[in-house]
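Spelled out from the first residue to the last, the chains are:
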Amino acid sequence: DSQVQAEIISSVLVKCEAPAHEPGRVVIEISTSDHGEQFSHNDIIYEYIEEGAVVAIVPREGSQSGGTVVRLAMSNLDVGTASFLTCKFGTIAPLRSRAAGLGVECASPAHKSGLIPIAASLNSEVWSTS
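These numbers were taken from a predicted model, which means no experiment stands behind them. (Residues numbered from 1 in each chain as written. Predicted model: local features only at pLDDT ≥ 70, side-chain atom pairs only at ≥ 80, totals over all residues. Heavy atoms only, no water.)

A. Geometry of the pattern of salt bridges. The full count for this structure, using the stated rule, is two salt bridges. Taking the shortest distance from any N to any O, the salt bridge between R25 and E47 comes out at 3.9 Å. Of this pair, R25 sits in strand 3 (residues 24-28) while E47 sits in strand 4 (residues 44-48); the two residues are 22 residues apart in sequence, bridging distant segments of the chain. Across the salt bridge formed by E105 and R98, the nearest N and O atoms sit 2.7 Å from each other. Using a relative accessible area of 18% as the deciding quantity, one classes E105 as buried. (Salt bridge = Lys/Arg side-chain N within 4 Å of Asp/Glu carboxyl O. Helix = DSSP H or I, 4+ residues; strand = E, 2+ residues; numbered from the N terminus. Buried < 20%, exposed > 50% of the residue type's maximum accessible area, 1.4 Å probe, protein only.)

B. A look at the state of the cysteines. Taken as a whole and assessed by the stated rule, the structure comprises one disulfide. With a sulfur-sulfur separation of 2.1 Å, C87 is cross-linked through a disulfide to C106. Taking the sign of the S-S torsion, -95° for the link of C87 and C106, the bridge is left-handed. Here C106 lies in strand 10 (residues 103-107) and C87 lies in strand 7 (residues 86-89), a separation of 19 residues in the sequence. As far as the burial class goes, C87 and C106 line up, both buried. (Disulfide = S-S within 2.5 Å.)

C. Up close: the packing of aromatic side chains. Under the criterion given, the structure shown has one aromatic pair. For the ring pair Y46 and Y48, a centre distance of 5.0 Å and an interplane angle of 80° mean the geometry is edge-to-face. Overall, the relative accessible area of 13% leaves Y48 in the buried class. (Phe/Tyr/Trp six-rings, centres within 6.5 Å; stacked < 30°, edge-to-face > 60°.)

D. Spatial organisation of the side chain of T86. Topologically, T86 is positioned in strand 7. Of the residues examined, T86 reaches a relative accessible area of 16% and is grouped as buried. Apart from the residues lying within four places of it in its own chain, the contact partners of T86 are P94, L95, S97, A119, A120, S121, S124 and W127. (Contact = heavy atoms within 4.5 Å.)

E. The nonpolar core, seen in detail. One finds L72, C87, F89 and A120 to be the most contacted residues of the largest nonpolar core, which totals 14 residues. When residues of this core are traced back to their parent elements, those giving at least two are strand 5 (53-58), strand 6 (69-75), strand 7, strand 10 and strand 11 (118-121). It is strand 6 that contributes the most residues to this core, three residues altogether. (Core = buried A, V, L, I, M, F, W, Y, C linked by side-chain atoms within 4.5 Å.)

F. Highlighting the sheet that holds strand 12 (residues 128-129). One open sheet accounts for four strands, arranged 8-7-11-12; its pairing is antiparallel. Two strands in the sheet have a free side with no partner beyond their single neighbour: strand 8 (92-95) and strand 12. In this sheet, strand 11 lies alongside strand 7 in antiparallel orientation, the contact comprising four bridges. Looking across to strand 11, one finds that F89 is bridged to I118. (Pairing = 2+ DSSP bridges.)

G. The sheet that holds strand 6, seen in detail. The four strands lie next to each other as 5-6-10-9, forming an open sheet whose pairing is antiparallel. Looking at the sheet topology across the chains shown, the edges are occupied by strand 5 and strand 9 (97-99). Adjacent strand axes in the sheet meet at a mean angle of 25° when their direction is disregarded. Where strand 6 lies against strand 10, five bridges are found, and the strand directions are antiparallel. Bridge assignment links V70 to a residue of strand 10, and that residue is C106. (Axes fitted to C-alpha atoms, helices over the stretch in contact; angles between N-to-C directions.)

Honestly, it's all geometry; don't read function into it.
Here's what the structure looks like:
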């Protein structure tokens, strides 16, 4: 069991960072006391999933004007989560995408000539890079 600090956003919203954990479900409890001695009992479930990894990119080049449909093949991904994937080209994200088997397809944005990192994410926060 881990305790992390939370940031109060409003009277109905708190924000905290999930600590590292093995894949699986955990119950989230919230304490409003100063010493973390009393916790809620709401049975809120959070699921840790195995991170996917980009294992192939096709095609590996495209037009500077953008619009090239690029497919990112992923490892450690199941069909149920593939529909949540988004793409990032360099710092441009999230880009509209669609599930493609155990991966994702997205159109490249316009960009100057040169190499650019490409990444995929299930939550637009943690990115699996190429």
